[in-house]
Amino acid sequence: MNGPLIVQSDKTLLLEVDHEMADACRRAIAPFAELERAPEHIHTYRVTPLGLWNARAAGHDAEQVVDALVEYSRYPVPHALLVDIAETMDRYGRLTLSKHPAHGLVLTTTDRPVLEEVLKSKRITPLVGARIDPDTVAVHPSERGQIKQTLLKLGWPAEDLAGYVDGEAHPIDLAEDGWALRPYQKQAVENFWHGGSGVVVLPCGAGKTLVGAGAMAQARSTTLILVTNTVSARQWKHELVKRTSLTEDEIGEYSGTRKEIRPVTIATYQVLTTRRKGVYPHLELFDSRDWGLIVYDEVHLLPAPVFKFTADLQARRRLGLTATLVREDGRESDVFSLIGPKRFDAPWKEIEAQGYIAPADCVEVRVNLTESERLAYATAEAEEKYRFCATTATKRKVTEAIVRRFAGQQILVIGQYIDQLDELGEHLGAPVIKGDTSNAQREKLFEAFRQGEISVLVVSKVANFSIDLPEATVAVQVSGTFGSRQEEAQRLGRVLRPKADGHQAHFYSVVARDTLDQDFAAHRQRFLAEQGYAYRIMDADELLAES
Amino acid sequence: MSTEEKSAAPRSLAEALRARDDASLAALLRSRPDLITPVPTDLTQLATRAGTRASVLRALEHLDRFALQTAEALAVAADPATYGELLGLLAGDDPDPVVAGALPRALGVLRTRALVWGGDDRLRLVRTARELLAPSPQHPSPTGLGPTVREATAGMSPGRLQEILAAAGLPSTHDPVSAVAALTGLFTDRTRMAALLADAPADAREVLSRLVWGPPYGQVTHDPAAHLRWLLDRGLLLPTAPGTVVLPREVALHLRAGRAHRTPEPVAPPVTAAAAHRPQVVDATAAGQALAALAMVEELLKEWDEGGPAVLRAGGLSVRDLKRTAVALDVSEPVAAFWVELAYAAGLVASDGEADERYAATPAYDEWRELPAEQRWARLAEAWLLGTRTPGLVGGRDAKDRTLSALGPGLDRSAAPEVRHRVLALLARLPEGAAPDTESLLARLRWERPLRGPRRDETDDLRTRLAHWTLQEAELLGVTGRGALSAPGRALIGAGPAAPEEPAPEDAAGPGDKLPVHRHAPVTLPVLSPAEQAVATAAAARVLGPLLPEPLDHVLLQADLTAVAPGPLERPLAEVLGVLADVESKGGATVYRFTPGSVRRALDAGRTAADLHAFLAAHSRTPVPQPLTYLIDDVARRHGRLRVGAASAYVRCDDDATLGEILADRRAAGLGLRRLAPTVLAAGTDPGTLLDGLRAMGFAPAAESAHGDVLVTRADARRTPPRTAPEPVPDGPPAPDDALLAAAIRAIRAGDLAATAPRKPGPGTAPPAGGEPPRTGAAETLATVQAAVLTGASLWIGYVNAEGAATQRVIAPVRVEGGFVTAYDHTADEVRTYPLHRITGVAELADDAG
């Protein structure tokens, strides 16, 4: 009884990372517990019903979970918790969705009372058809997604074994010339394909696009790829052309500007969720071809309407790609029921340790407001307060100092307020990318940055998602929206891309002391520290004095 | 028992009792303690009391299922019955060896408890018990048998009887008595009955088979169908009321092959193990849970430290407060109710008794907190084991449909301690580390104490629910771990460290336990005496001590501003950390989170940033992370920049010099003046005093309106006045110990002797008339009493109480001084003091009379 794991009564698991059995323990608990925090000494995992069901879907049983807990736990595991785990896991798979040769889609059970219980629910009744035998009930094929969603809400997640349509075949191969899928990418593709549908969780910069390409090469069929925005769509296209046998002509872009439907089509969430007169005019995209695979990029950002469309696409293979399963809106369960269980997961730190991601040094620089700014801040309207403190003039000086210190390296300055960014751009002599910058201009600037023609780039929110800036080694965040967790992951991802020369990446966030800005920064700090990154806090004076 | 019988068969229960030896009387009194409160004067009175309805009911309720079935069988047998008849009723025509083997024990139990008396040839059920158990239309017997032929034909016309005889193929008789006898004789004769029934129409046999296991009553119309008529004609069904017929007992017994019960249950169902864990795992789990229990109680009282929830007018905790507490403790409401009730039962929390009544910790809590962990646990566990309060009832409704609230009235269930003890005792008999199969455990408990009367829904009676709660609560407390009894739990109930071979602790345990039944002194006490329990509790604490993890003196600090204590912390460390950081997660380890708020709290508590840095450095296994250091400095930087103080009055003056003058003046010393700013002085006295003082110094101050008075109150931890823990409300008197039993028996015997045997004339005293209190002179009284103090003998005294009523008592004098006798009064069962002058006479107990 001297294991590395401590099981807490709130179902968190504390793992002592320096313990000799820590690695073995981590492997044992990873299938069912979500890593919640990974600071330097003790990692926190959480056991949730979804996590347990993910484990069940991956073929683990309650016995293994209980054994893992009991074996590695330092203190005796509360009996009630073990019972709870066993009971929760036991709920998965009591109901199965499958194809019946005569009746089409059916819901079968191994435990009749469960079926009776769910059939009594008012929310299930409209989704099912005739009772075929005591253990089987017909399900309207169109409700395959809906029923899975509802059953999950009732606490009886159904296993979907109804299979998939093959879709229209289209030859796709990986063009592995001079490069190859990394072992974990291969594993991810394999797990996904074996599981049918599901989500692959990989950190930013770990090559999610390649996992998508790998899955397409497996499927060898027409593919619909949903991405967050146009820039990201272009990047996918670029990457696919480079890494697979696909040519430019085979890949279509379906966005606000272009409406091409080709064997591989990349569409943005934005265009899909555009509403005109109460209807979604671009929905026919889903039916425009017999898609064999649908890829969802950045699943954690998937907008709610897309879930609704996805519910109708349950007969097609679905691959979700994301850096984190945590959704700000708490719709993790919809991801589970509509896209599929988690099929692959690798903690950031582990991939980083394998040398694919540069370690980052995170520094928070605290600047003092001047006396007049403090007064203005104190008297500002509530909704104006954040703007006041986030755009204090001192931040400019600090930013300049940082840029000076890292002169010659690729530096990104990220912010929320256009005025502030414009001003910074002017002072730093750097181009600014913001919402009204045209896509062509954006790509031109990004390319120039990539080539090292410009070394400092000032970007606003719009640059946050799915752009690829491989050579950025320093990021300076001068203002940001409300310390959202996923935004943080994105921003850090910008500077975490592998560097050619093994340079250490730096992430600076400049915050105003004793203000809202600092409170938001505290969230940020916590998140980064929880991800295991070294985090320091500096005073602006210290930094200015150094440079 | 029959060996103790004298040559002449006893004619009454009293005589049967008189014939019993002391050990057997002690067994009776031990099993039915209500018989000696108060101590009866003689055996006749004892026998009378043993036959009262209340006492018999109580005795019947304490029988195990087979003993009860035996009593039920006796109630439907002839009175008196022979052992053979009884065996026939229980085992049927072809005796089941298991039943035959179990019967002597069951009969022994009934005899011990004075429910049955008489030798094996003349077994008699006490009349009251017979009345209670015999079948009647109002109270159907669990046997499902109807009245006898004689009872059922009581109002029948002689002519009709003769008709029945004729139909049944019997010769006619002269009178109804012999007719009934002839009919009974036919019905009890298996061969002739078989022949008679062989002719019965199939429909008629079907009717009989429907009635045979009861209820024996059926409805018929005025013009019954042919097959019913066939039965009625032969007396196989007898009319009881218009339209109602009954199957006579003898016929039913014939059809049942002589058995009174469909399923005799001679053997206690064994408790089976559902799972076996390693004993170390069980003990470790239990120890972990024990620690969690302590933490829970402490957290509860910390929550209530500055004024707990209000007491409802009807007593107890409101539903909302319970909910709030449950949320604060992060447990479900029933579990929260359990902890609250546990703290209450242990005397750690009580109502403060003030006008605005609230719950608060008692002073005992402060003492408890200082105890080592194992002793704290032992106190809780003992309070739980012995308490009659049942938290499981909270949230339910009482008979008047009022909600039962935690800490409120109506939660006492006298059966609770006994059930708890019994459940644990059954667990103790499983092999170490074995968790019981709950259903088998419940079945066993139901066998040991069945519900009387026809079988009801047995899953919902109080004892079953109590047993369920016991299992849950034992797990919460760490008395069990993973369902199996832990070593401390075993010690708590006084069971040996691991003795599955131990003989049954209660005679109710059936022979099904396959254990040699040691019956020389059957231990019928399910619950230990207070002294024994104290020893057992101390033993439990000793066993628990080494199982608890050693408290740690260090934590791990991390850059995300958390500290993880990978185990229980030493108390001082835990207390400081509790102030400096917020607890985020509990369990085996504790996760603390540092926030600006928590650091400020520590600074408010008088610590400095340097203190905190030193504290963290001293107790951290890892380097203190830079963000944490920064956080403390950052909070400290701002801490105390604004100052707040209390002033009762102030002096304002535009002229600095005047204020300087006032401050310098010696007469101002008592005014508590302090300069806050060049033109403002703050004063510690109220404005009136200040004005007077300044005037006395020769100034002419003017008062300003006194809005700015600041009153500072410090919140203090609330405590009730000293409170005692609630007394358990036991069911009936406490089980007597051996000394008391011996004394009581001696007293009864003495009284009995006094009442029944002629007395030798004492020297110089008139022999008291039979049963009358003795009369002796004052001198002899004193001498006898003093002699009794030396010899420790018990005396029989006549005594006139303060109201002038003459009584007689049996006392064991302890000392004589100042005209008073201090003595243990067997009659009242307590130590009392008697003025010598009120004692009308004494007599030594003739305990050796024979």
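The rules behind the values
- Residues numbered from 1 in each chain as written.
- Chains lettered and ligands numbered in written order.
- Predicted model: local features only at pLDDT ≥ 70, side-chain atom pairs only at ≥ 80, totals over all residues.
- Heavy atoms only, no water.
- UniProt positions renumbered as here; feature names shortened; annotations may be inferred.
- Helix = DSSP H or I, 4+ residues; strand = E, 2+ residues; numbered from the N terminus.
- Buried < 20%, exposed > 50% of the residue type's maximum accessible area, 1.4 Å probe, protein only.
- Contact = heavy atoms within 4.5 Å.
- Areas by Shrake-Rupley, 256 points an atom, 1.4 Å probe, with all protein chains shown as cover.
- Core = buried A, V, L, I, M, F, W, Y, C linked by side-chain atoms within 4.5 Å.
- Buried area = accessible area lost by both parts, 1.4 Å probe.
- Salt bridge = Lys/Arg side-chain N within 4 Å of Asp/Glu carboxyl O.
- Polar contact = N/O pair within 3.5 Å; in protein donor to acceptor, adjacent residues only side chain to side chain.
- Axes fitted to C-alpha atoms, helices over the stretch in contact; angles between N-to-C directions.
- Parallel < 35°, antiparallel > 145°, perpendicular 65-115°, else oblique.
- Left-handed = near helix turned anticlockwise from the far one by under 90°.
- Nonpolar A, V, L, I, M, F, W, Y, C, P; charged D, E, K, R; others polar.
- Pairing = 2+ DSSP bridges.
- Expected span 1.5 Å × (residues − 1).
- Patch = residues over 30% accessible without salt bridge, like charges linked within 9 Å, V, L, I, M, F, W, Y side chains within 5 Å.
- Lys, Arg positive; Asp, Glu negative; His and termini not counted.
- Charge placed at Lys NZ, Arg CZ, Asp CG, Glu CD.
- Phe/Tyr/Trp six-rings, centres within 6.5 Å; stacked < 30°, edge-to-face > 60°.
- Lys NZ or Arg CZ within 6 Å of the ring centre and 35° of its normal.
- pLDDT = per-residue confidence, 0-100.

The name an unreviewed UniProt entry assigns to chain A is DNA 3'-5' helicase, from the organism Streptomyces fumanus. In its Sequence similarities (unreviewed entry) section, the UniProt entry covering chain A states "Belongs to the helicase family. RAD25/XPB subfamily."

The next thing to look at is the overall build of chain A. Summing up its helical and strand segments, chain A has 22 helices and 23 strands in all. Within chain A, the proportion of its 547 residues that are buried is 57%. Excluding contacts between residues fewer than 6 apart, the proportion of contacts in chain A whose partners are at least 24 apart in sequence is 71%. Summed over its atoms, the accessible surface of chain A is roughly 21900 Å², and 49% of this surface lies on carbon and sulfur atoms.

This part takes up the overall build of chain B. Each helix and strand in chain B was counted, giving 33 helices and 23 strands. Out of the 850 residues in chain B, the part that is buried amounts to 47%. Sequence separation of at least 24 residues holds for 65% of the intrachain contacts in chain B that already meet a minimum separation of 6.

What follows is about the nonpolar core. Residues and elements named next belong to chain B. If you look at the biggest cluster of nonpolar residues, it comprises 101 residues, and the most contacted ones within it are Leu-17, Leu-236 and Leu-237. Considering each element in turn, this core owes the most residues, 8 residues, to helix 5 (residues 65–76). What Leu-236 contacts, discounting residues up to four positions off in sequence, is Phe-187, Met-193, Leu-196, Leu-197, Leu-208, Trp-230, Leu-231, Val-246, Leu-247, Pro-248 and Val-251. With 74 residues, the next largest nonpolar core counts Tyr-365, Leu-404, Ala-434 and Leu-442 among its residues.

This next bit is on the interface of chain A and chain B. Opposite the 32 residues of chain A that make contact, chain B presents 35 residues. Carbon and sulfur atoms supply 52% of the area buried between chain A and chain B, which totals about 2700 Å² over both sides. Taken together, chain A and chain B are joined by 7 salt bridges. With its nearest N and O atoms 3.2 Å apart, the salt bridge here joins Arg-513 of chain A to Asp-634 of chain B. Linking chain A to chain B there are 19 residue pairs in polar contact (both at pLDDT 80 or more).

Moving on, we get to the packing of helix 2 (residues 49–57) of chain A against helix 13 (residues 332–339) of chain A. Residue and element names in this part refer to chain A. Axis separation between helix 2 and helix 13 bottoms out at 10 Å; the angle between their running directions is 20 degrees. Classified by the angle between their axes, helix 2 and helix 13 sit roughly parallel to one another. In the packing of helix 2 onto helix 13, the handedness of the crossing is left-handed. Of the residues in helix 13, those touching helix 2 at Leu-50, Trp-53 and Asn-54 are Glu-332, Ser-333 and Phe-336. Taken together, the residues that form the contact of helix 2 with helix 13 break down as 3 nonpolar, 2 polar and 1 charged.

Take the sheet that holds strand 16 (residues 649–652) of chain B next. Residues and elements named next belong to chain B. Strand order in the open sheet made by the 3 strands is 16-18-17, with antiparallel pairing throughout. This sheet does not close on itself; its edge strands, each paired only once, are strand 16 and strand 17 (674–677). Between one strand axis and the next, the sheet turns by 30 degrees as a mean value, whatever way the strands run. In terms of strand pairing, strand 17 meets strand 18 (residues 680–683) through 3 bridges, oriented antiparallel. Looking at strand 18, one finds that Arg-675 is bridged to Leu-681. Against the sheet, helix 31 (residues 687–696) touches strand 16 and strand 18, its axis set at about 40 degrees to strand 16.

Residue and element names in this part refer to chain A. Looking at chain direction, strand 3 (residues 33–37) and strand 4 (residues 42–47) are connected through 4 bridges and run antiparallel. Within the sheet, the bridge partner assigned to Glu-34 lies in strand 4 and is Arg-46. If you look at the hairpin formed by strand 3 and strand 4, you'll find 4 residues sitting between the two strands.

All names here are of chain A. In this structure the tally under the stated criterion is 68 salt bridges over all chains. Of the charged contacts in the structure, one is a salt bridge between Asp-160 and Lys-148, with a shortest N-O distance of 2.7 Å. Of this pair, Asp-160 sits in strand 9 (residues 158–160) while Lys-148 sits in helix 6 (residues 144–153), and the two are 12 residues apart along the sequence. Comparing Asp-160 with Lys-148 shows no difference in burial state: the two are buried. Between Arg-234 and Glu-253 there is a salt bridge, with the nearest N and O atoms lying 3.0 Å from each other. With Arg-234 in helix 9 (residues 230–243) and Glu-253 in strand 12 (residues 251–254), the pair connects residues that are 19 residues apart, well separated along the chain.

Residue and element names in this part refer to chain B. On the basis of which strands lie adjacent, the open sheet formed by 5 strands has the order 22-21-20-19-23 and antiparallel pairing. Each edge of the sheet is formed by a strand with only one pairing partner; in this case those strands are strand 22 (830–835) and strand 23 (839–844). Neighbouring strand axes in the sheet, compared pairwise and without regard to direction, differ in orientation by 45 degrees on average. Looking at chain direction, strand 21 (residues 820–825) and strand 22 are connected through 6 bridges and run antiparallel. Bridged to Thr-822 within strand 22 is Thr-833.

With that settled, consider unusual backbone geometry. The phi torsion at Asp-514 of chain A lies on the positive side, around 60 degrees, for a residue other than glycine. Classification of Asp-514 of chain A as partly exposed rests on a relative accessible area of 32%.

Residue and element names in this part refer to chain A. Look at helix 21 (residues 516–530): 21 Å from first C-alpha to last across 15 residues, which is about the 21 Å you get at 1.5 Å a residue. By the burial criterion, the buried members of helix 21 are Asp-517, Gln-518, Phe-520, Ala-521, Arg-524, Gln-525, Phe-527, Leu-528, Ala-529 and Glu-530. The positive-phi residue at the C-terminal boundary of helix 21 is Gly-532, with phi of around 90 degrees.

On to a negative patch on the surface, then. Residue and element names in this part refer to chain A. Together, Asp-61, Glu-63, Asp-67 and Glu-71 line one region of the surface with negative charge. Position of Asp-61 relative to the elements: it lies in the loop between helix 2 and helix 3 (62–72). Assessed through its relative accessible area of 38%, Asp-61 is described here as partly exposed.

In this section: the pairing of strand 18 of chain B. Residues and elements named next belong to chain B. As judged from the 4 bridges shared by strand 16 and strand 18, these two strands associate in the antiparallel manner. Looking at strand 18, one finds that Arg-652 is bridged to Val-680. Between the antiparallel neighbours strand 17 and strand 18 lie 2 residues.

In this structure the tally under the stated criterion is 8 aromatic pairs over all chains. Geometrically, the ring pair formed by Tyr-386 of chain A and Phe-520 of chain A is edge-to-face, given 5.0 Å between the ring centres and 65 degrees between the ring planes. Of this pair, Tyr-386 of chain A sits in helix 16 (residues 382–390) while Phe-520 of chain A sits in helix 21, and the two are 134 residues apart along the sequence. Residues Tyr-386 of chain A and Phe-520 of chain A agree in their burial class; the two are buried. Above the plane of the ring of Trp-368 of chain B lies Arg-376 of chain B, whose end atom (NZ or CZ) is 5.7 Å from the centre.

All names here are of chain A. Mapped onto the elements, Ala-448 comes out in helix 19 (residues 439–450). You can call Ala-448 buried: its relative accessible area is 12%. Those residues in contact with Ala-448 that sit more than four places away from it in its chain are Glu-453 and Ile-454.

All names here are of chain B. Running from N to C, helix 28 (residues 609–619) and helix 29 (residues 626–638) cross one another at 160 degrees; their axes reach a closest spacing of 10 Å. By the angle between their axes, helix 28 is roughly antiparallel relative to helix 29. In terms of crossing hand, the pair formed by helix 28 and helix 29 is right-handed. Facing helix 28, whose interface residues are Ala-609, Leu-612, His-613 and Leu-616, helix 29 presents Leu-628, Thr-629, Ile-632, Asp-633 and Ala-636.

All names here are of chain B. On average, residues of chain B score 80 in pLDDT, and 90% of them are at 70 or above. The low-confidence segment residues 759–769, where pLDDT is below 50, has 10 contacts with residues more than four positions distant or belonging to other chains. Scored as a complex, the prediction yields pTM 0.68 and ipTM 0.80.

The next thing to look at is the environment of Ala-735 of chain B. Among the structural elements, Ala-735 of chain B can be located in the loop between helix 31 and helix 32 (738–756). C-alpha separation for the pair Ala-735 of chain B and Leu-29 of chain B, spaced 706 residues apart in sequence, amounts to 8.9 Å.

On to helix 5 of chain B. Residues and elements named next belong to chain B. Between its first and last C-alpha atoms helix 5 spans 17 Å; for 12 residues at 1.5 Å apiece the expected length is 16 Å, and the two agree. Of all 12 residues that make up helix 5, 12 are buried, and the element is covered over most of its length. Here helix 5 starts with a cap whose side-chain oxygen sits 2.9 Å from the backbone nitrogen of Phe-66, and that cap is Asp-64.

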